[in-house]
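Descriptive analysis of the structure
These are the residues of each chain, in order.
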Amino acid sequence: INNGSAPVKPTEKFQSVVDQINSFKKNKDTKVLVNVGRIYDVKNQRVILDAFKIFEQENVNAIALIVGGHLPDEQQFYDDLVKDKPSNVHFIGKVNNVGDYLLNADAFLMPSIYEGMPISLLEALSAGAVPVCTPVGGLLNTVKPDIGFLSTGSDSASYLAALRAYFNTDDAALEKLKANGKAL
């Protein structure tokens, strides 16, 4: 997909991002799943927390990084998410080197209730992150079974099922999805 943007490349902050992410991981095999976007109800980050609470109880070796900020009138929503997050979810905040996080991601999380055609998805694909998304807007036209995973809805149970499908996919198949996403 030619969107007029350059492929994601590491910045001078790349190594510090690697170090930060490694400090969150249980071990070298920990899967890193990244969500990028404004933190508010339409982006639906609540379902990430709901799923990762279950994954924490099940000892799934994965972490979720939520990269992005919020507007002042969304402070209570943000505070409620942070207060309710499990230990395997990390709020990174607003950064100017999103690509460094995407380049360290095994998967890209987009559980939105509403989307157009998000540039962040295209950047994640170019970085080699496998998308796990809700079936809304331009995500329906881009995230096909040979690219990534779509939930059946925007609710927590549907998104959890899509995440389980990702985790239950063998490494060879995930590598094929990454390659297909990069080829778009």
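Before going into details, it helps to say that this report is about the structure given with it. (Residues numbered from 1 in each chain as written. Predicted model: local features only at pLDDT ≥ 70, side-chain atom pairs only at ≥ 80, totals over all residues. Heavy atoms only, no water.)

**Details of the nonpolar core**
Rule in force here: Residues grouped as a nonpolar core are buried Ala, Val, Leu, Ile, Met, Phe, Trp, Tyr and Cys residues, joined through side-chain atoms within 4.5 Å. Summary of the burial criterion: residues with accessible area below 20% of their type's maximum are buried, those above 50% are exposed, and those between are partly exposed, where the area comes from a 1.4 Å probe applied to protein chains only. Helix and strand assignments follow DSSP, with helices taken as H or I runs no shorter than four residues and strands as E runs no shorter than two, numbered in order from the N terminus. By definition, residues are in contact when any of their heavy atoms lie within 4.5 Å.
One finds Leu33, Phe52, Phe91, Leu109, Val132, Leu163 and Tyr166 to be the most contacted residues of the largest nonpolar core, which totals 27 residues. Elements that contribute at least two residues to this core include exactly helix H2 (46–57), strand E2 (62–67), helix H3 (75–84), strand E3 (89–93), strand E4 (107–110), strand E5 (130–133), helix H7 (156–167) and helix H8 (171–183). Contact partners of leucine 163, with chain neighbours within four places excluded, come to Leu33, Ala51, Phe52, Phe55, Leu109 and Val132. Val17, Ile63, Met110 and Ala127 belong to the second largest nonpolar core, which has 25 residues in total.

**Some words on H7**
So the rule is basically this: Expected span, for any helix, means 1.5 Å times one less than how many residues it has.
An ideal rise of 1.5 Å per residue puts 16 Å on twelve residues; H7 measures up with 16 Å between its terminal C-alpha atoms. Among the residues of H7, Ser158, Tyr159, Leu160, Ala162, Leu163 and Tyr166 are the ones counted as buried.

**Concerning the sheet that holds E2**
Our working definition: In this description, strands pair whenever DSSP reports at least two bridges between them. Think of each axis as a best-fit line through the C-alpha atoms, taken over the contacting stretch in the case of a helix, with angles from 0 to 180 degrees between the N-to-C directions.
Sheet architecture is open: six strands sit in the order E3-E2-E1-E4-E5-E6, paired in parallel fashion. The sheet terminates laterally at E3 and strand E6 (149–150), the two strands that pair on one side only. The pairing of E5 with E6 spans two bridges and is parallel. Within E6, the position partnered with valine 132 by the bridge is phenylalanine 149. Relative to the sheet, H8 contacts strand E1 (31–36), E5 and E6, its axis offset from that of E5 by approximately 90 degrees.

**Here we look at the pairing of E1**
Selection criterion: Handedness rule for crossovers: strands pointing away from the viewer, path from the first strand over the helix to the second running clockwise, crossover right-handed.
In terms of residue burial, E1 counts as a mostly covered element, since five of its six residues are buried. The sheet contact formed by E1 and E2 spans six bridges and is parallel. The residue bridging asparagine 35 from the neighbouring strand is isoleucine 66, located in E2. Since E1 and E2 lie parallel, the crossover through H2 that links them has a hand, and here it is right-handed. Two strands pair when backbone bridges link them, and E1 and E4 are joined in this way by three bridges, in the parallel orientation. By the bridge assignment for E4, asparagine 35 is matched with leucine 109.

**Quick word on the pattern of salt bridges**
Put simply, the rule reads: The term salt bridge refers to a side-chain nitrogen of Lys or Arg lying within 4 Å of a carboxyl oxygen of Asp or Glu.
Applying the stated criterion to the full structure yields eight salt bridges. Across the salt bridge formed by aspartate 29 and lysine 28, the nearest N and O atoms sit 3.3 Å from each other. In this structure, arginine 38 engages glutamate 74 in a salt bridge whose closest nitrogen and oxygen atoms are separated by 2.3 Å. Of this pair, arginine 38 sits in the loop between E1 and H2 while glutamate 74 sits in the loop between E2 and H3, placing them 36 residues apart in sequence. For glutamate 74, a relative accessible area of 11% puts it in the buried group.

That is the geometry; function is a separate question.
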